[in-house]
Amino acid sequence: MRVAVLVSGGGTNLQAILNAVNDGRITNVTICGVISNRPDAFALQRAERAGVPGICVSRKAYATRAEFEEALLGAVDSLKPDLIVLAGFLVIIPPEMIRRYERRIINIHPSLIPSFCGDGFYGLHVHEAVLARGVKVTGATVHYVDEGTDTGPILLQQAVAVQPGDTPEVLQRRVMEQAEWIILPQAIDAIANDRVSRDSNGNYFLTTD
Ligand code: GAR
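One structure accompanies this document, and this report is about it.

Conventions used here
Residues numbered from 1 in each chain as written. Predicted model: local features only at pLDDT ≥ 70, side-chain atom pairs only at ≥ 80, totals over all residues. Heavy atoms only, no water. Near = heavy atom within 4 Å. Polar contact = N/O pair within 3.5 Å; in protein donor to acceptor, adjacent residues only side chain to side chain. Areas by Shrake-Rupley, 256 points an atom, 1.4 Å probe, with all protein chains shown as cover. 1 Å grid on protein atoms, 1.4 Å probe; cavity = no way out; pocket = protein on both sides within 12 Å on 5 of 7 lines; lining within 4 Å. Sits in = over half its atoms within 2 Å of the grid points. Nonpolar A, V, L, I, M, F, W, Y, C, P; charged D, E, K, R; others polar. Salt bridge = Lys/Arg side-chain N within 4 Å of Asp/Glu carboxyl O. Buried < 20%, exposed > 50% of the residue type's maximum accessible area, 1.4 Å probe, protein only. Phe/Tyr/Trp six-rings, centres within 6.5 Å; stacked < 30°, edge-to-face > 60°. Points joined across faces, edges and corners; volume = space filled by probe spheres on them.

By nearness alone, 14 residues border the ligand, and Gly11, Thr12, Asn13, Gly123 and Glu180 come closest of all. Residue Asn13 places a side-chain N or O atom 2.9 Å away from an oxygen atom belonging to the ligand. In this structure, an oxygen atom belonging to the ligand sits 2.7 Å away from a side-chain N or O atom of Glu180. If the ligand stood free it would expose 450 Å²; the protein chains cover 91% of that surface. Assessed atom by atom at 2 Å from the grid points, the ligand resides in the largest pocket. The class makeup of the residues in the shell around the ligand is five nonpolar, eight polar and one charged.

This next bit is on the pattern of salt bridges. One pass over the structure, following the stated rule, counts nine salt bridges. Across the salt bridge formed by Asp40 and Arg38, the nearest N and O atoms sit 3.2 Å from each other. Note that Arg195 and Asp189 form a salt bridge whose closest N and O atoms lie 2.5 Å from each other. Judged by relative accessible area, which is 13%, Arg195 ranks as buried. Residues participating in the shared-partner salt-bridge network are Asp77, Glu96, Arg99 and Arg100.

Under the counting rule described, the total for this entry stands at three aromatic pairs. Arranged with centres 6.4 Å apart and planes meeting at 70 degrees, the rings of Phe116 and Phe121 form a pair that is edge-to-face. The class for Phe121 is partly exposed, based on a relative accessible area of 28%.

Let us now look at the layout of surface pockets. Here the largest pocket defines a volume of roughly 940 Å³. Lining the largest pocket we find 43 residues, and of these Gly88, Phe89, Leu90, Asn107 and Tyr122 sit closest to its centre. For the lining of the largest pocket, the per-class residue count stands at 17 nonpolar, 20 polar and six charged.

Written as structure tokens, this is what we have:
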């Protein structure tokens, strides 16, 4: 299965995917390309180091949002992906892309959806909000992408404890280590090996062989 990874920043989730492909925790997958909306994203260097084609499609390079979205979709199409993974991609996905790749786009979100998600909840802001509210359990979610923000069907979640005195940065790191870097590779491997099922409620879950 050809997998395209879309990124905006440091790319630690991309790295977790690349590592999992290398050591066999993800099978039947070729990472066919990495697309960043930011030219300076460290994720592009990680792609280069791994010998994966990197493409930058920056909003600033286009006069209008429509032209940017067309270029983004063109870049995605050029990779001929079977699955698109949003790994810290902080761009609203064009509706046309969601239609064209229905149930073939997944996203990693750094909270237990439906808590701390939706507009404005991305990156460190999520963990700031978690600490401001004082919840004791947070985590991460892998979900299919639909036309809403963080509203698509949930595939996998992992809980992580909030500790007294956590800073947003410390909590972000723990959520990455104990949840994101584990469940995102697991979800990709499950999709690539046909281990995603739906139950009688219509909900998605992973099966084991
Ligand atoms: C990750 O924590 C990811 O869950 C989050 O951005 C970070 C990217 O880190 N995504 C969102 O907040 C999406 N709403 P990375 O570039 O090191 O993988």
